[in-house]
Each structure stands twice: as C-alpha cells, then as structure tokens.
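The lines below spell out each chain.
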Amino acid sequence: MHEIRHSAHGYWLEEAPAPEPLPRLTEDLAAEVVIIGGGYTGMWTAWHLLDRLAPSSIVLLEASICGHGPSGRNGGFCETLWLNLPSLRERLGDERALRLVLRSVESVEAIGAFCEEHGVDAWYRRRGTITASAAPAQDDAGRDAVAAAAALGVPERVVALSPEEVRRRCASPVFRGGVYVPDEATVQPARLALGLRRVLAERGVRIFEHTRARRLAPAAGGGVAVTTADGRTVRAGRAVLAINAAARGFRPLRGRLAVTSSHVLITEPVPDVLEQLGWTGGENITDGRTFVHYFRTTPDKRIAFGWGGGRIAWGARLGGRTEVDPDVVRATHRHLLRVFPQLEGRRIEHAWGGPIDVSPSHLPQVGTLPEAPVHYAFGFTGNGVGPSHLAARTLAALATGETAGDELTALHGDRDAKVPPEPLAWAGGSLVRLANLRKEELEEQGRVPSPGLRAIAGAPRMLGIHLGR
Ligand SMILES: Cc1cc2nc3c(=O)[nH]c(=O)nc-3n(C[C@H](O)[C@H](O)[C@H](O)COP(=O)(O)OP(=O)(O)OC[C@H]3O[C@@H](n4cnc5c(N)ncnc54)[C@H](O)[C@@H]3O)c2cc1C
C-alpha cells in the first residue's frame, strides 16, 4: 500500500487558498467584547456582533491561526438539530424544542447565504443527510427522531428510508434501512472558516493570531481582563469563550465535557466508484454506530470518510494522538473498505484528526459564568459546523446584554451529569470506548456481544451520560 499523507491539519486546509497573515497582539487594548478562540463559534459571534457594535470594539484572540482547529478540519457536514429532537423535547417541551430545531435549520440556510453574499466558495451544497444502518443492531438509529418529527406535525423533515431507498442513493453492500434529513448541507470546512476570517478582517474586526489567552479574570471596576501568553492585557466589558475542547482545561467548565477524537481519510478522485454506487446526489451519510462513521463526496469526486472512534484525550491534552493517530487511521481505512469494497486498491491521499468536545447530554452548552460577564459555548459533540452559527447568535445577544437567554441557554442545568476528574475520566472513558468498538464490530459481523461487554459499553448511561446521538 502506498504511504498515506498523515498530518494534524489535513487536506481541507491544504486545498483552501492560503490565508493572508494577521498580526499578533503586541500592546494592551480595551474593547467592548473580547472573543477568545477563532473557530466557527468565535468568528460567527464576531459576525453577529457586527449588527450591534462597531467593528473596532470587537477583539478576537486566536492561539494559532483562525480556522486551523477542528473548524478547518472537520467532515464538513453542516447539520441541524433534527436528530436531537427527542432529547430536546425532554428538556424543553415540544414547542420550544421545535423552535430551536427550526432555528438550527435557519443557521444552515444562513451559512449558505453568507457564502453566496460574500463570495466564499466553500462548496456549499444542500442535499441532506442519510443515517444508514450498516448492521441489524443499528436499524433503530434515528427512528426516534422520525417519530418525534411526525408527532410534532413535520414528518417531511425527518423521513424513514427503506433499504431500497437508501441503496438508490448510495449502493453500499452493507446498507440497510435509513433516515433522511433533507435540511442539511455539506461544505469544504476550511474554505468556510478562512472565508469567514477574511470577511471579518475586511469589516474591521480586530483579530490577533498566535495570541493565546492565558488568564481570564474579573477586572477591577467591572468587566473582564484577559492576559495573553505574551503578557499583554485586553480589558473588555464582556468576554466570549469559544475554545471548544480546550474548555476541558478551564477550571469552571472542566467537569462539563470530555474530549475524544475523530479522524478523516480522503481518497483520490474516484468518479467511477461514485457512478457504480449511484452516489451522485451529494448527500452526507453516516452509519448508525455509537462511534459514528461519516462520509461525503467532493465536487472533484473524492470520498472523505471519517470515524468518531478515536482515543479519549487525557484532560485537555489536545495534541499527539488526538490529531495524528496511525492506528486509528489504519482502522478507519479498514472500515472504509467494509462500507465501500469498490475502493480496494484506490489511493488514500490524506489523513488527519482532531479533538471532539463531548457534552454528556450530546447537546451544546451555551451560557454565562456566574462569577463574571463571560459567555461560553462548547459541547457540540461532533456536530458544530451548523450549530456553532446558532450558538454564536445567542453568544452575541448575551454579550450585548440583549437577552437573559433563549432555548439554547435553557438546555442545561445543575442536574446534568458531570465528567469525573483525571485519571478516572480517561481510564473509564478508554474502557468504555474499547468495549463499544468491540461490541459494534461483533454486531457488524452478525455476532452477539456478551452481556459483560454490553454492560461495560452501556455503563455511561447509568451515570446519565449519553453515548452516540
Ligand atoms: C475530525 C473532525 C471531524 C468533524 N466533523 C464534523 C462534521 O462533519 N460536522 C460537524 O458539524 N462537526 C464536525 N466536527 C466538529 C466541529 O469541527 C466542531 O464542532 C466545530 O468546529 C467547533 O467550532 P469551535 O469554533 O467551537 O471550535 P474550534 O474550531 O476548535 O475553535 C476553537 C479555537 O480556539 C482556539 N483556542 C483554544 N484555546 C485558546 C486560548 N487559550 N486562547 C486563544 N485561542 C484559543 C483554538 O486554537 C481554536 O482555533 C468534527 C471535528 C473533528 C475534529
């Protein structure tokens, strides 16, 4: 087999036009709002703030280059919250749950409109997502969302597909029935992130890169003070914390997320294989595993195939095998060939990975720290491309004091399960991961996992921690 090019940043950032450099912070500053983190969440927050504040009063600090974290490396599934509808109904009641999901649809639409309006060629295509069962044990995946959408009078938004209907869209030999959500889109994630960065810089938002925030504290006389690794200070009325998995290293939020990892492969262009599969409609596809496989095509007819089965990170250590993990990449390649045996012998051009900010509820956490005017959003749990735009709307409103909260801020409460400290989280998480990987492999082989294996795989549920969608 030829050597796979394996890097932390991955294919999309290499494919996207190189960004113009932006400065480091070299002096102390004052601002109305300081945003920490230049992924989609931080940058969309700056974008929404532009409706309310002068660009020069918004400061964004990014430790590396905006969009070079997961926002520029993900699978590019720009999804809604339709599959979360059942758990949203439990938390919010029917009316508010439906309103929130419809707002997540508006975000997917707004991202497309933004690209159109600002000349961002992010390959935005709105062809929907299929959750396809790839083993009998996965046959129920997404079916609760089909029932929930029907119960709320919107059956056309989450549709059950027969095995024939799934295979008509993509004829993998392992696919069975499925569920289709038409509202969703795909993007080239790095082109989207870097396009957004360009537009913000052109509009005059003060963005400082290679500028890591080290300390965030209430300022004497009100507001907050952010101290950078270089010893500079930004004083602001309010801060927005948009640091994704790094929130696991921030004491007030530490117990509210765990960090796992996800990895992606991309093939050479394979137009003949796509023709053979009949997968020419551009749909996103996932299987129904807990540690999900997700795959999509590109305009130049490659297949990008990801797997959310990467290792658990220790605390907030986000480098190392969270980003580059040859073992997980080899396993992902094996899984790719199970789903698409037609790809045997075809080149995998690139592999990469990154951290996932897993919320115990699998729902994003958006709110305000009790002790300071600091607003945060994290916990997208592998579904942040669309929902980060939605969360950023709430963050921008909170940061200008417009609202005490909305459906998103009402999602979480004191009764939520907490993630234990290290080494317990890492040891327990790693054991549960291995048990789930084994269980799902056996199920795909048509074998029955032992009761012991099932018990370990399902243990988080006993602690109120939700695994899978
Ligand atoms: C391999 C992979 C595949 C994925 N696939 C999908 C998918 O297909 N669809 C989907 O919806 N989601 C997917 N996700 C998840 C998605 O990428 C994230 O939910 C989303 O990008 C979150 O955006 P963010 O802005 O919150 O975080 P990030 O993009 O991580 O941005 C946070 C930024 O904060 C910066 N930062 C951290 N600490 C500091 C500090 N102290 N000071 C200054 N800056 C700091 C980081 O450098 C980073 O740039 C995937 C993730 C990975 C890793």
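Residues numbered from 1 in each chain as written. Predicted model: local features only at pLDDT ≥ 70, side-chain atom pairs only at ≥ 80, totals over all residues.

**Points about the overall build of the protein**
The number of helices and strands found in the protein is 12 helices and 19 strands. The C-alpha atoms of the protein give 21 Å as radius of gyration, which agrees with the globular expectation for 469 residues (23 Å, within 12%). By its C-alpha atoms, the protein is 65 × 45 × 45 Å across when sized along the principal axes. Considering only intrachain contacts with a sequence separation of at least 6, the fraction spanning at least 24 residues in the protein is 76%. (Helix = DSSP H or I, 4+ residues; strand = E, 2+ residues; numbered from the N terminus. Rg over C-alpha atoms; globule rule 2.2 N^0.38 Å. Contact = placed C-beta atoms within 7 Å.)

**Topic: the site of the ligand**
Gly37, Gly39, Gly75, Gly354 and Gly384 are the nearest of the 40 residues found near the ligand. Per element, the largest residue contribution to the shell around the ligand is four residues, and it comes from strand β17 (residues 348–358). (Near = placed C-beta within 6 Å.)

**Considering the environment of Thr290**
Tracing the backbone shows Thr290 in the loop between β14 (284–286) and β15 (293–297). On the basis of neighbour count, Thr290 is assigned to the partly exposed category, with 19 C-beta atoms found within 10 Å. The spatial distance from the C-alpha of Thr290 to the C-alpha of Gly309 is 8.6 Å, given a sequence separation of 19 residues. (Buried ≥ 20, exposed ≤ 12 C-beta atoms within 10 Å, placed from the backbone.)

**Quick word on helix α9 (residues 326–339)**
Counted at 1.5 Å a residue, the expected span for α9 with its 14 residues is 20 Å, and the 20 Å between its end C-alpha atoms agrees. Check the buried side of α9 and you find it contacts β1 (5–6), β13 (258–267), β15, β16 (303–307) and β17. (Expected span 1.5 Å × (residues − 1).)

**Overview of the nonpolar core**
Grouped together as the largest cluster of nonpolar side chains are 130 residues, with contacts concentrated most on Val34, Ile36 and Ala247. For this core, the leading source of residues is helix α10 (residues 387–399), giving eight residues. In this view, Val34 contacts Val59, Leu61, Val226, Val234, Ala236 and Ala239; residues no more than four positions away in its chain are not counted. (Core = buried A, V, L, I, M, F, W, Y, C linked by C-beta atoms within 7 Å.)

**Section: the pairing of β15**
Buried residues dominate β15, accounting for five of its five residues. Burial along β15 is two-sided: His293, Phe295 and Thr297 facing one way and Tyr294 and Arg296 facing the other are all buried. Relative to β15, β14 runs antiparallel, the two being bridged by two bridges. Along β15, the bridge assignment pairs Thr286 with Tyr294. Here β14 folds back onto β15 in antiparallel fashion, the turn holding six residues. In textbook terms, the turn of a hairpin is the stretch between consecutive antiparallel strands, and for β15 and β16 this stretch comprises five residues, one of which, Lys301, has a positive phi near 70°. (Pairing = 2+ DSSP bridges.)

**Considerations on unusual backbone geometry**
Of note, the amide linkage connecting Glu422 to Pro423 takes the cis form, showing an omega dihedral of 5°. In this fold, Pro423 is placed in the loop between α10 and α11 (424–444). In this structure, His210 takes a positive phi of about 50° despite not being glycine. Exposure remark for His210: the 17 C-beta atoms within 10 Å place this residue in the partly exposed category.

**So, the pairing of strand β11 (residues 224–228)**
Every regular strand shows the same layout, with side chains that alternate between the two sheet faces. Residues Val224, Val226 and Thr228 of β11 are buried on one face, while the alternating residues Ala225 and Thr227, pointing to the opposite face, are not. Examined bridge by bridge, strand β10 (residues 213–218) and β11 share five bridges and lie antiparallel to one another. Within β11, the residue paired with Arg215 across the bridge is Thr227. The hairpin turn running from β10 into β11, its antiparallel successor, is five residues long, and Gly221 in that turn takes a positive phi close to 85°.

**Considering the packing of helix α2 (residues 40–49) against helix α7 (residues 189–203)**
Contact pair α2 / α7: the axes reach a minimum separation of 10 Å and the direction vectors enclose 35°. Both α2 and α7 take part in a crossing whose hand is left-handed. Across from Tyr40, Met43, Ala46 and Trp47 in α2, the residues of α7 making contact are Ala193, Leu196, Arg197 and Leu200. A per-class count over the contact of α2 with α7 returns seven nonpolar, no polar and one charged. (Axes fitted to C-alpha atoms, helices over the stretch in contact; angles between N-to-C directions. Left-handed = near helix turned anticlockwise from the far one by under 90°. Nonpolar A, V, L, I, M, F, W, Y, C, P; charged D, E, K, R; others polar.)

**Brief notes about the sheet that holds β16**
In spatial order, the strands read β1-β17-β13-β16-β15-β14-β5-β7-β6; together these nine strands make up an open sheet with mixed pairing. Looking along the sheet, the strands with just one partner apiece sit at the ends: β1 and β6 (159–161). Of the pairings in the sheet, the one linking strand β5 (residues 129–132) to strand β7 (residues 178–181) comprises four bridges and is antiparallel in character. By the bridge assignment for β7, Thr129 is matched with Val181. Lying over the sheet, α9 contacts β1, β13, β15, β16 and β17, oriented at roughly 55° with respect to β13.

**Things to note about α11**
Spanning 21 residues, α11 covers 30 Å between terminal C-alpha atoms, matching the ideal 30 Å at 1.5 Å per step. Immediately downstream of α11, the backbone of Gly446 shows phi near 75°, a positive value.

**A short note on the packing of α2 against α10**
The interhelical angle for the contact between α2 and α10, taken along N-to-C directions, is 50°, at an axis separation of 8 Å. Compared by their axis directions, α2 and α10 come out oblique. Taken as a pair, α2 and α10 cross one another with a handedness that is right-handed. For the pair formed by α2 and α10, the contact residues are Tyr40, Thr41, Trp44, Thr45, His48 and Leu49 on the first element and Ser388, His389, Ala391, Ala392, Arg393, Leu395, Ala396 and Ala399 on the second. By residue class, the composition of the contact of α2 with α10 is eight nonpolar, five polar and one charged. (Parallel < 35°, antiparallel > 145°, perpendicular 65-115°, else oblique.)

**Some remarks on the environment of Ala313**
Of note, Ala313 is situated in the loop between β16 and α9. On the basis of neighbour counts, which here come to 25 C-beta atoms within 10 Å, the residue Ala313 falls in the buried class. It is 9.3 Å that separates the C-alpha atoms of Ala313 and Ile356, two residues lying 43 residues apart in sequence.

**Things to note about the environment of Ala30**
Its place among the elements puts Ala30 in strand β2 (residues 29–36). As for Ala30 and Ser450, which are separated by 420 residues in sequence, their C-alpha atoms are 60 Å apart.

Honestly, it's all geometry; don't read function into it.
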